[in-house]
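A look at the structure
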Amino acid sequence: MLIVPVISAVMRILILGGDGYLGWPTAMRFSDRGHDVTIVDNFARRRWHLDQSTDSLVPISSLQDRLDAWERVSGRRIEARVGCIEDGEFLDKVVADFLPEAVIHYGEQPSAPYSMRSRQTAVETQQTNVIGTLNLLFSMREHVPDAHLIKLGTMGEYGTPNIDIEEGYIEIEHNGRKDTLPFPKLPASLYHASKVHDSTNIHFASRVWGLRATDLNQGVVYGIETDETALDPALATRFDYDETFGTVLNRFCVQAVIGHPLTVYGAGGQTRGYLNIRDTLRCVELATLNPADRGEFRVFNQFTEQFTVSELAELVQRCAGEVGYQVAIESFPNPRVELESHYYNPKHQKLLDLGLEPHPLGEELVRSVLSTIERHRDRVIQRAITPRTKWNPGELEGGALSAAQKA
Ligand code: NAD
Ligand code: USQ
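A brief structural summary. What you see is a predicted model, and the numbers here were worked out from it, not measured in a lab.

With that out of the way, let us pick up the sheet that holds strand β5 (residues 148–154). Spatial strand order, β3-β2-β1-β4-β5-β8-β12: 7 strands in an open sheet with parallel pairing. Two strands in the sheet have a free side with no partner beyond their single neighbour: β3 (79–82) and β12 (297–302). The mean inter-strand angle of the sheet, taken between neighbouring strand axes irrespective of direction, is 20°. Of the strands in this sheet, β1 (12–16), β2 (36–41) and β3 are in contact with helix α4 (residues 88–98), which crosses β1 at around 160°.

The next thing to look at is a nonpolar patch on the surface. Taken together, Ile131, Leu134 and Phe138 make up a surface patch of nonpolar side chains, about 220 Å² in accessible area. Take isoleucine 131: it is sitting in helix α6 (residues 119–143).

A few words now on the sheet that holds strand β9 (residues 220–222). Two pairing modes exist for strands in a sheet, parallel and antiparallel, and in both the strands are linked by backbone hydrogen bonds. The strand order across the open sheet formed by 3 strands is β9-β11-β13, and the pairing between neighbours is mixed. Two strands lie at the open edges of the sheet, namely β9 and β13 (305–308), each paired on one side alone. Pairs of neighbouring strands in the sheet enclose a mean axial angle of 45°, with direction left out of account. Of the strand pairs in this sheet, strand β11 (residues 271–276) and β13 are connected by 4 bridges, and their pairing is antiparallel. Each bridged residue has a counterpart across the sheet, and for tyrosine 274 the counterpart in β13 is glutamate 305. The sheet contacts of helix α9 (residues 277–289) involve β9 and β11, and relative to β11 the element is tilted by about 80°.

Moving on, we come to the site of ligand 1. In the vicinity of ligand 1 there are 29 residues, among which Asp41, Arg45, Glu86, Tyr191 and Lys195 approach most closely. A distance of 2.5 Å separates a nitrogen atom of ligand 1 from a polar side-chain atom of glutamate 86. In the environment of ligand 1, an oxygen atom lies 2.6 Å from a nitrogen or oxygen atom belonging to the side chain of tyrosine 191. Breaking the shell around ligand 1 down by element, the ones donating at least two residues are α2 (44–51), β5, α7 (190–209) and β9. Grouping the amino acids of the shell around ligand 1 by side-chain chemistry returns 12 nonpolar, 10 polar and 7 charged.

Another aspect to go through is the side chain of threonine 288. Take threonine 288: it is sitting in helix α9. Residue classification places threonine 288 among the buried residues on the basis of a relative accessible area of 1%. Not counting residues within four places of it along the chain, the set of residues in contact with threonine 288 comprises Met11, Ile13, Phe30, Ala102, Ile104, His148 and Ile150.

Side chains on a regular strand alternate between the two faces of the sheet. Of all 7 residues making up strand β8 (residues 212–218), 7 are buried, and the element is well covered by its neighbours. Residue alternation in β8 divides its side chains into two sets, Arg212, Thr214, Leu216 and Gln218 and Ala213, Asp215 and Asn217, and both sets are buried. Of the strand pairs in this sheet, β5 and β8 are connected by 7 bridges, and their pairing is parallel. Among the inter-strand pairings, leucine 149 is bridged to a residue of β8, identified as alanine 213. In terms of strand pairing, β8 meets β12 through 6 bridges, oriented parallel. Residue pairing for β12: threonine 214 is matched across the bridge by arginine 298.

What follows deals with the site of ligand 2. Of all residues adjacent to ligand 2, which total 21 residues, the nearest are Pro110, Thr154, Tyr191, Thr263 and Glu338. At 3.0 Å from an oxygen atom of ligand 2 is found a side-chain nitrogen or oxygen belonging to histidine 192. A distance of 2.8 Å separates an oxygen atom of ligand 2 from a polar side-chain atom of arginine 336. Of all elements in the fold, only α7, α8 (248–258) and β10 (262–265) reach the threshold of two or more residues within the shell around ligand 2. The leading source of residues in the shell around ligand 2 is β10, at 3 residues. Among the residues making up the shell around ligand 2, the classes are represented as 9 nonpolar, 8 polar and 4 charged.

Procedures and definitions
Residues numbered from 1 in each chain as written. Chains lettered and ligands numbered in written order. Predicted model: local features only at pLDDT ≥ 70, side-chain atom pairs only at ≥ 80, totals over all residues. Heavy atoms only, no water. Pairing = 2+ DSSP bridges. Helix = DSSP H or I, 4+ residues; strand = E, 2+ residues; numbered from the N terminus. Axes fitted to C-alpha atoms, helices over the stretch in contact; angles between N-to-C directions. Contact = heavy atoms within 4.5 Å. Patch = residues over 30% accessible without salt bridge, like charges linked within 9 Å, V, L, I, M, F, W, Y side chains within 5 Å. Areas by Shrake-Rupley, 256 points an atom, 1.4 Å probe, with all protein chains shown as cover. Salt bridge = Lys/Arg side-chain N within 4 Å of Asp/Glu carboxyl O. Near = heavy atom within 4 Å. Polar contact = N/O pair within 3.5 Å; in protein donor to acceptor, adjacent residues only side chain to side chain. Nonpolar A, V, L, I, M, F, W, Y, C, P; charged D, E, K, R; others polar. Buried < 20%, exposed > 50% of the residue type's maximum accessible area, 1.4 Å probe, protein only.

All quantities given are derived from atomic positions and should not be read as evidence of function.
Dropping the structure here:
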């Protein structure tokens, strides 16, 4: 068994899901800083879009073209291996060949609606995510037990409890005894549930096998541009707006440009943590450069600001209005089972303590996203916008939130 030293100035960094919305810009950022980067992807995200006849609004190059363009622009090479993370033999070989000092794991099915569409997509989501991560833990234990796992989790693991949300752990006093335990989870979908299962397995591997890991419980990401994607159109990252893979602010911006009423689900008081894609990259970098200790399972809540859905809709309406779009906001029947008005106060201090300087959401950013969308508005597929995936299609009795949760 090889013990690989951690944190050299230049690190070997393996990025799982490196062809995705966040993974590709992350790969370029580390490569740009001189790190030795290898990415793994199986193109699942591209396939899921093909299956539902949707596509990224911003045209994206094939992985091979991206890698070549990056080499041309930066003079640096990112290596890529195509395969599935849940294929243990494949992953073992990648890890054993490359011997990463850090593994950044983005390579999962990331959509809540996709996970709620059918039994098949729910099973696929949990198989991909939970088994993929479990495989990774075994590969790391076997080949790089000293490497640091940086895993993308999600704020939606916690749900929206009526108490403050801590960063991963909570001190509890029960029947006169005290302990610090994992914060209770109320996942918002079967996708979010897969992240809870991942967290349990990673915590186990840290406690029992002594792996080092950081779970980044990330909020909803918005934005298109990073320093590296802006260098050349061939380096663009994907930008989705469809009901399955588009996140809310990105969707609202596209809707504003094409004259579709902004699709606020239900009352619009749903509050979530949000962050700019630029801050995602910085957070992941900070976690990577400041690794967890052996046996430690750290949890950082990774977002910079919180908003209600209605606040985001009003911001987009205002910014779009300033550049000549008349935008309507409409309350759509909520396809999800979620609280539409609730207490929300998650802590998010640990990444600030490591040096994160957030890019707050402002009108300038929204206007810049609107202007990128304008350039590609002829690519918008209108039918992909209306929400169709219901959390509880049959409206089964007892399937809605409990009275206590609604209160
Ligand atoms: P994405 O779908 O664009 O990226 C994931 C990439 O992983 C894709 O390129 C996909 O092809 C690849 N992949 C999926 N399953 C794979 C497998 N089994 N083997 C190999 N490759 C596989 O998604 P994203 O928005 O970039 O999200 C990246 C990660 O961050 C996900 O884990 C997601 O849950 C998490 N996250 C995203 C957001 C957000 O708002 N985008 C917020 C919080 C957390
Ligand atoms: N929403 C609307 N209208 C829309 C789309 C969404 O009102 O057109 C609402 C949803 O009901 C929800 C909120 O906006 O209350 C956020 O929805 P979203 O689709 O932007 O985000 P979500 O499904 O939570 O998932 C996204 C990413 C996922 C990540 C998660 C972070 O797709 O990968 O894990 O954000 S978090 O929400 O903090 O768990």
